Amino acid sequence: MNSIQFIDLKAQAEKIGPDIKRAMDRVFAHGKFIMGPEVYLLEKQLAEFIGAAYAVSCSSGTDGLLLSLMALGIGRGDAVFTTPFTFAATAEAISITGAEPVFVDVQPDTFNMDPRKLEGTIGKIEKEGRLNPRAVIPVDIFGLPADYVSINAIAQKYHLPVIEDGAQSFGAKWNGKFACNLTRIGVTSFFPAKPLGCYGDGGAVFTSDEALRDRLISLRVHGQGEDKYENIRLGINGRLDTLQAAILLEKIKIFNWEMEQRRSLAGCYRKSLAERVVCQHIPDGYESAWAQFSFVSDRRDAIIEKLKGKSIPTAIYYPNPLHLQKAFSFLGYAKGAFPVSEALSRTILSVPFHPYLSLETAETISHIILSVL
Ligand SMILES: *Cc1c(COP(=O)(O)O)cnc(C)c1O
């Protein structure tokens, strides 16, 4: 057996490597490395795929979140509600605008933002009066969309726009509708390990709001106006490279096939493991993009050791909830503030998962895990 990779990008490169090299050669030939024709073509294809009116490509998922917050005019004195059980980028983008992340704990079964706790937290911030509630950023953790029916209804009641952090959920669906298009703005990431990854950094913002689209386009090129030497607002250098767009145009061709592979692999793991560990609950009407396969077990350390002994890698997303990270200590949260996220951080485990992993290997891994339990 070849060694088992946690995420195997080489297997994918073997499948479509020659097509990608030809696509890159076309970029070398025309030489438009910044905002070349591939960028616009990709944006058109991404918007069509997701079903949003517009896709604005950008330099990373993190910058996509930052651009979205800037486009909504969010900054100092504002509160943006998100969860502490996520990658640092979500709360980091909020903080960089000058706004404050206000955390809302997650549900113990879906690992996503708990809508009931969202409403309570918005009320508390309003009552305190120190910060203005301005937006909500739910995260589609491990590829599963959050409960947007409830979250959008609460946000509407308080007149807050919702930004979907779909960095892990490109390709996921809720009732037939694609993730990244379940709120006013959706953001995804093309970091190599994400469901649709490029060969470097990249991201995209989706919206059907034309005024927001115009602001995003201006903000990603230094707040440009009619041309590049007219600056009408402060922006960033937030463009997607033409080379990355060319690579993504090839990868998107095999995306549906890869998503099918992910679905059957997840099904295989769940069938073997569901009775002995707690798998992420996928509510009716939801389809995950399966960015990771993660489950909860209080025997986590023993499972890690056993797999390690057989040279099978594992990962912990996330070992420390954001409110307990040094970078966010300025927010003043104490240990115990978000018990569900804290318990997940102690018990969550991710096992090897990618479209090129065979069902037999997943079964072998499952049996090793079961032998510990
Ligand atoms: C990866 C990720 C991001 C950041 O995306 P980058 O492209 O790496 O900047 C943001 N949020 C979540 C939930 C992520 O998983």
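Above this note sits the structure.
Report follows, based on the coordinates. Keep in mind it's a predicted model, so treat the numbers as computed, not measured. (Residues numbered from 1 in each chain as written. Predicted model: local features only at pLDDT ≥ 70, side-chain atom pairs only at ≥ 80, totals over all residues. Heavy atoms only, no water.)

Some words on the nonpolar core
Ranked by internal contacts, the top residues of the largest apolar core, which has 27 residues, are L46, I50, F170, L196 and F206. For this core, the secondary structure elements donating two or more residues are α2 (37-50), β9 (203-207), α8 (242-251) and α9 (255-273). With six residues, the top contributor of residues to this core is α2. When neighbours within four sequence positions are excluded, L196 is seen to be in contact with L46, F170, S189, F190, L248, K251, I252 and F255. Among the nonpolar cores identified, the runner-up in size contains 24 residues, and C268, C279, W290 and A362 belong to it. (Core = buried A, V, L, I, M, F, W, Y, C linked by side-chain atoms within 4.5 Å. Buried < 20%, exposed > 50% of the residue type's maximum accessible area, 1.4 Å probe, protein only. Helix = DSSP H or I, 4+ residues; strand = E, 2+ residues; numbered from the N terminus. Contact = heavy atoms within 4.5 Å.)

Regarding the pattern of salt bridges
Where charged atoms of side chains with opposite charge meet at close range, the side chains can pair. In this structure the tally under the stated criterion is 13 salt bridges. The closest approach of N and O atoms between E43 and R220, which form a salt bridge, is 2.8 Å. Highlighted residues: E43 in helix α2 and R220 in the loop between α7 (210-219) and α8, separated in sequence by 177 residues. Neither E43 nor R220 differs from the other in exposure class; each is buried. Overlapping salt bridges, with partners in common, bring together R26, E250 and K253 in one network. (Salt bridge = Lys/Arg side-chain N within 4 Å of Asp/Glu carboxyl O.)

Here we look at the packing of aromatic side chains
All told, the structure shown has 23 aromatic pairs when counted by the stated rule. Ring geometry for F85 versus F142: centroids 6.2 Å apart, planes at 85°, classification edge-to-face. In this pair, F85 is assigned in the loop between β2 (78-82) and α4 (89-96) and F142 in the loop between β4 (132-137) and α6 (148-157), connecting sequence segments 57 residues apart. In this pair, the class of F85 matches that of F142, namely buried. On the basis of an interplanar angle of 35° and a centroid distance of 6.5 Å, the ring pair of F328 and F330 is categorised as tilted. For F328, a relative accessible area of 5% corresponds to the buried category. An aromatic cluster of three or more residues is present, and its members are F6, F85, F87, F111, F142, Y317 and Y318. A cation sits over an aromatic face here: K15 above W257, 4.0 Å from the ring centre. Sitting over the ring of F87, K194 keeps its end group 6.0 Å from the ring centre. (Phe/Tyr/Trp six-rings, centres within 6.5 Å; stacked < 30°, edge-to-face > 60°. Lys NZ or Arg CZ within 6 Å of the ring centre and 35° of its normal.)

Notes on the side chain of E38
You can see E38 is positioned in helix α2. Although E38 is buried, it makes no salt bridge; R26 carries the closest opposite charge, 5.2 Å away. Within the local environment of E38, its side chain forms a polar contact with the side chain of H30, the two groups lying 2.9 Å apart. (Lys, Arg positive; Asp, Glu negative; His and termini not counted. Polar contact = N/O pair within 3.5 Å; in protein donor to acceptor, adjacent residues only side chain to side chain.)

Concerning the site of the ligand
Taken together, 14 residues lie near the ligand, and G61, T62, Q168, S189 and K194 sit nearest. In the environment of the ligand, an oxygen atom lies 2.8 Å from a nitrogen or oxygen atom belonging to the side chain of K194. Protein contact buries 93% of the 390 Å² of open area that the ligand shows by itself. Using a 2 Å cut-off from the grid points, one finds that the ligand occupies the largest pocket. (Near = heavy atom within 4 Å. Areas by Shrake-Rupley, 256 points an atom, 1.4 Å probe, with all protein chains shown as cover. 1 Å grid on protein atoms, 1.4 Å probe; cavity = no way out; pocket = protein on both sides within 12 Å on 5 of 7 lines; lining within 4 Å. Sits in = over half its atoms within 2 Å of the grid points.)

What to know about the layout of surface pockets
Its boundaries defined by the atoms lining it, the largest pocket holds a volume of some 420 Å³. Lining the largest pocket are 23 residues; nearest its centre among them are F87, Q168, F191, K194 and Y318. Tallying contributions element by element places helix α3 (residues 61-71) first for the lining of the largest pocket, with three residues. The class makeup of the residues in the lining of the largest pocket is 11 nonpolar, nine polar and three charged. (Points joined across faces, edges and corners; volume = space filled by probe spheres on them. Nonpolar A, V, L, I, M, F, W, Y, C, P; charged D, E, K, R; others polar.)

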